[in-house]
Structures are given as structure tokens and as C-alpha cells.
Amino acid sequence: MRWIGAGREAKDAEFLELVSSRTGHLYRSACLLTSGDTHYAEDLVQEALSRMYVLWRRSAWTGRNRIDNPAAYVHTVMVRTFLAQQRRRSSTERPTGDLPEPEGREADSTLRLTLLDALGRMPAKDRAVLVLRYWEDRSVEETAEVLRASSGAVRTRTTRALARLRTLLGDSLAELAVR
């Protein structure tokens, strides 16, 4: 039994050596495949190494599926992953760095950001009850079921959470809503 664990550790060490020696090359190749989209390139490298690790671990236990050239194999996995993702992508989908904003919605964006900031400063349970009740438009009973609390506890927490939110927002909410 001890031998199997030692073999696993040796295999993990070999895999880490492969990762450290090949990640830079894989990343550069992925950048070329993705036309310079560095985020997509990082995802491709990660996906290829994840798939390789699964196979690597499986071969550590069974002794089968020996990979003669792991560096070439992981590169092949990355290219095939890229091609499979390209086939699945819509031909009309075009990534963009900027999202179009509707005209005259500047005050709405500021209001939204202010509310998100205030919610982020609230305790998690208060945030949850407000999101469930007012964003997802759930009833008190549905919210109670999700939170595993009584209806009375939800009503009380909602009242207190709204009071905290009003305190956090102060006069800024009225100013933003008027715009």
C-alpha cells in the first residue's frame, strides 16, 4: 500500500515538472491561437493542463496509457480544445472590450453601483434577504424556506436590513433617484 502512495507522489512531482517547464511555451502558443486574447489563452492552457492531469493520475494507478512525449501531448490537447471550442462558438459571436450603454442611462448606472456598494457592506444574511425579497421578488414564505427561517424572522430581518441599507445610503439615494 505504501508503494502506491509513493508512486503517486513521484507522478505528481513529474507532472509539476512538466507544468513548470512547458507552461510558458503553451501560453505563447495559446496567445497565437487566440489572436492575442490573453484571458482566453490562459483558459486554454488551464483546460489543457487539467485534462492532462486527469490522464496523468489515471496512468499512475493503472500503469497503462504511458505517454511517451508529455510535452507534445499536452500541446495537442490544448490545440484540440481550442478547435472544439471554436466549433461550438457561434459564427456571429464577436468579443468586445466595451459594452454598449443605452442613452440617458448614466444616472441609472450610478444608482446601481451605489446600491451594490451599500449591499456589499451589509452582513451576508441581510444581503440575502433583500436580494431574495426585492431582486428575485420572492414572497416572505419562499424566502423563509430558502433561508431555513420562520416567516416572522424573515419579516423582522427584512425590516432591519432595509433600515441598515437606508442608513448606508443616506442622502445619496434620493439624489441619484431624482436624476
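What counts, and at which threshold
- Residues numbered from 1 in each chain as written.
- Predicted model: local features only at pLDDT ≥ 70, side-chain atom pairs only at ≥ 80, totals over all residues.
- Heavy atoms only, no water.
- Helix = DSSP H or I, 4+ residues; strand = E, 2+ residues; numbered from the N terminus.
- Buried < 20%, exposed > 50% of the residue type's maximum accessible area, 1.4 Å probe, protein only.
- Contact = heavy atoms within 4.5 Å.
- Axes fitted to C-alpha atoms, helices over the stretch in contact; angles between N-to-C directions.
- Parallel < 35°, antiparallel > 145°, perpendicular 65-115°, else oblique.
- Salt bridge = Lys/Arg side-chain N within 4 Å of Asp/Glu carboxyl O.

1. Quick look at the overall build of the chain
Part 1: When its secondary structure is counted, the chain shows eight helices and zero strands.
Part 2: Taken from the N to the C terminus, the helices and strands of the chain come in the order α-α-α-α-α-α-α-α.
Part 3: Taking all 179 residues of the chain together, the buried fraction comes to 27%.
Part 4: Contacts in the chain between residues at least 24 apart in sequence constitute 61% of all its contacts with a sequence separation of at least 6.

2. Here we look at the packing of helix α6 (residues 140–147) against helix α7 (residues 151–169)
Part 1: At a minimum axis separation of 8 Å, α6 and α7 run at an interaxial angle of 100°. Classified by the angle between their axes, α6 and α7 sit roughly perpendicular to one another. On α7, the residues touching Val-140, Glu-141, Thr-143 and Ala-144 of α6 are Ser-151, Val-154 and Arg-155.

3. Comments concerning the pattern of salt bridges
For side chains of opposite charge, pairing can occur when their charged atoms come near one another.
Part 1: In this structure the tally under the stated criterion is five salt bridges.
Part 2: Put simply, Arg-51 and Glu-47 hold a salt bridge, and the shortest N to O gap is 2.7 Å. Taken as a pair, Arg-51 and Glu-47 lie in helix α2 (residues 38–62) at a separation of four residues, close to a single helical turn.
Part 3: A salt bridge links Asp-117 to Arg-121; the shortest N-O distance between them is 3.4 Å.
Part 4: Three or more residues joined by partner-sharing salt bridges are found here, namely Asp-126, Arg-157 and Arg-164.

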